[in-house]
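Tertiary structure, described
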Amino acid sequence: MHSRVKTILIVNSGSSSVKASLLCPSSGTGEEADGGLGIHSDAGRAANETTEQKEKRKPSVLSPPVRLLTAHAEMLGSPGSSLTVNICTSAISKITERMQHQHPDTTSSSSSILCRSEGLLLTPRAAAGEFDHPRKKKRGVPRPLVNAKKFTMKNMSHQWAIETIVERMILMCGPQIMQSITAIGHRVVHGGDQFSADATIVTESVLKAIENISHLAPLHNPSNILGIKIAQRKFKNVPNIVVFDTSFHTTMPRYIKTYPLPAEYAQHQIRKYGFHGISVKYVYLQASARLATMGKRFTRMIIAHLGNGASATAVVNGQSVDTTMGFTPLSGTMMGTRSGSVDPSIVTYASKEMGKSAEEVLEDLNKRSGLHGISKGDHDMREIMKKASKGNVDAQLAIGMYVHILAKHIAGLIVSCGGDIDALVFTAGIGEHCYGIRNLTV
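So, here is what we can say about the structure in this document.

About the cut-offs
Residues numbered from 1 in each chain as written. Predicted model: local features only at pLDDT ≥ 70, side-chain atom pairs only at ≥ 80, totals over all residues. Heavy atoms only, no water. Helix = DSSP H or I, 4+ residues; strand = E, 2+ residues; numbered from the N terminus. Buried < 20%, exposed > 50% of the residue type's maximum accessible area, 1.4 Å probe, protein only. Contact = heavy atoms within 4.5 Å. Areas by Shrake-Rupley, 256 points an atom, 1.4 Å probe, with all protein chains shown as cover. Pairing = 2+ DSSP bridges. Arc of directions from axis to C-beta. 1 Å grid on protein atoms, 1.4 Å probe; cavity = no way out; pocket = protein on both sides within 12 Å on 5 of 7 lines; lining within 4 Å. Points joined across faces, edges and corners; volume = space filled by probe spheres on them. Nonpolar A, V, L, I, M, F, W, Y, C, P; charged D, E, K, R; others polar.

This next bit is on the overall build of the protein chain. A count of helices and strands for the protein chain gives 19 helices and 12 strands. Residue burial in the protein chain is summarised as follows: out of 442 residues, 46% are buried. Residue pairs in contact within the protein chain that sit at least 24 positions apart in sequence constitute 67% of those at least 6 positions apart. Accessible surface, the protein chain: about 22400 Å² in total, of which carbon and sulfur atoms supply 54%.

Okay, structure coming up:
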């Protein structure tokens, strides 16, 4: 790779998953708009447009980066855990050049070289020279992916997944990629009262502060910290930057983020924080840009982030004014394995009647409730929808509860928006892909 290639590694180490992306950010000008790869991004193409063409084209709020590599480890710590590493076909020629230097006698095509090198597998569409994801094509910029490698392992750990992602990145993109990485970004779920900035450079004191508030998000922050520490070991001279899910919600009014509890509780940082802020802010910016093409100004919006974790947020004039999650990501609407908001007296009652400790009850509320608990074992909405369509009463109950609780929370957020909203936006896995849930909710 050329010496002027610059990339950013993004790591999202969740409670039971790890996601990573290697990006060449668009600078917005000239030939280096793609980080020097020679792969044309939307911004790079714009530099060659005429004035008339530029006036006709509506620019997006965020210029899309060139996505070189993505990785997703899921169901970590369970028998069905797996890791898939993908590489962008736009980078195939660069990787092929490196492989051809190693195998100068070969005259095979890029596809065949990739197919037999390191056990890489091309998807059928990529092998045929077609786009894998034609619907994700943005202004002539294809974003096809090749299924590069999949690992399956029982009880895969976060550490193994992250280290394997880095190893595969070096193997597939070449050792030069290590020198191209200029920064590593991390999502951290809980920032407590200490972190309200959009982004913070990781120092020893910052890392210690994150560790000190890990009790506020015990399922997430320890995994986030692990990802940071592994990145620090693997990339010793590269700055690590953290962005907090809670930061976007620091604009909530005091009367909304304060719990109706004795005053001393607030002194121990017990209040509503809100989560999914990184996703909500990005989706708000993108939705606003698209809705603006309708010739109207959309100032009041509710954004429903529906994945394994789920929340809804009221956004007014670009600021969070209320959200369904609270002190921890456990509260709010029904989720994949989390109960959402339930009567807190359940903890002491279950402790007495069922012989469970408070910690065991909280473990049940976090990991064995929600869709998983009601459907008796499933937290994948796709599987639950299939079972419901075949008459499974537990799956039907789970869906009925999910949409009722979600709709009730959304209706409550309309009050926080002033009694009316301009748009309701769905995002994340269920929100984006499950029309049935969207339809039943509205």
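Successive residues of a regular strand alternate their side chains across the two faces of the sheet. The side-chain alternation of strand β1 (residues 7-13) yields one buried face, formed by T7, L9, V11 and S13, and one unburied face, formed by I8, I10 and N12. Here β1 runs beside strand β6 (residues 181-188); their pairing, made up of 5 bridges, is parallel. Residue pairing across strands places T7 opposite I181, the latter belonging to β6. Between the end of β1 and the start of strand β2 (residues 18-24), which pair antiparallel, lie 4 residues.

This paragraph deals with helix α16 (residues 381-389). For α16, the full list of buried residues reads M381, I384 and A388. Buried residues of α16, viewed axially, fall in a sector of 60°; they line one side. Within α16, the exposed residues directed more than 90 degrees away from the buried face are R382 and S389. Of the surrounding elements, those touching the buried residues of α16 are α15 (370-374), α17 (393-416), α18 (428-433) and α19 (435-441). Residue G391 follows α16 closely and has a positive phi angle near 95°.

With that out of the way, let us pick up empty space enclosed by the protein. The tally for this structure, following the rule as stated, stands at 1 cavity of 30 Å³ or more. Volume-wise, the largest cavity comes out at about 90 Å³. In terms of lining, the largest cavity is formed by L9, V11, V18, A20, I162, I165, V166, M169, G227, I230, A231 and F235. When contributions to the lining of the largest cavity are tallied by element, the ones reaching two or more residues are β1, β2, α6 (158-173) and α9 (221-234). Per-element tally for the lining of the largest cavity: the top contributor is α6, with 4 residues. Split by residue class, the lining of the largest cavity holds 11 nonpolar, 1 polar and no charged.

There is about 970 Å³ of room inside the second largest pocket. As for the second largest pocket, its lining consists of 28 residues, and the residues nearest its centre are F327, T328, L330, S331 and L362. A total of 4 residues in the lining of the second largest pocket trace back to one element, the largest contributor, which is helix α14 (residues 358-367).

Not every positive phi belongs to a glycine, and M75 is a case in point at roughly 55°. By the element assignment, M75 lies in the loop between β3 (66-74) and β4 (82-88). Residue M75 is classed as partly exposed on the basis of its relative accessible area of 42%. Of note, the phi angle at H276 is positive, near 60°, even though the residue is not glycine.

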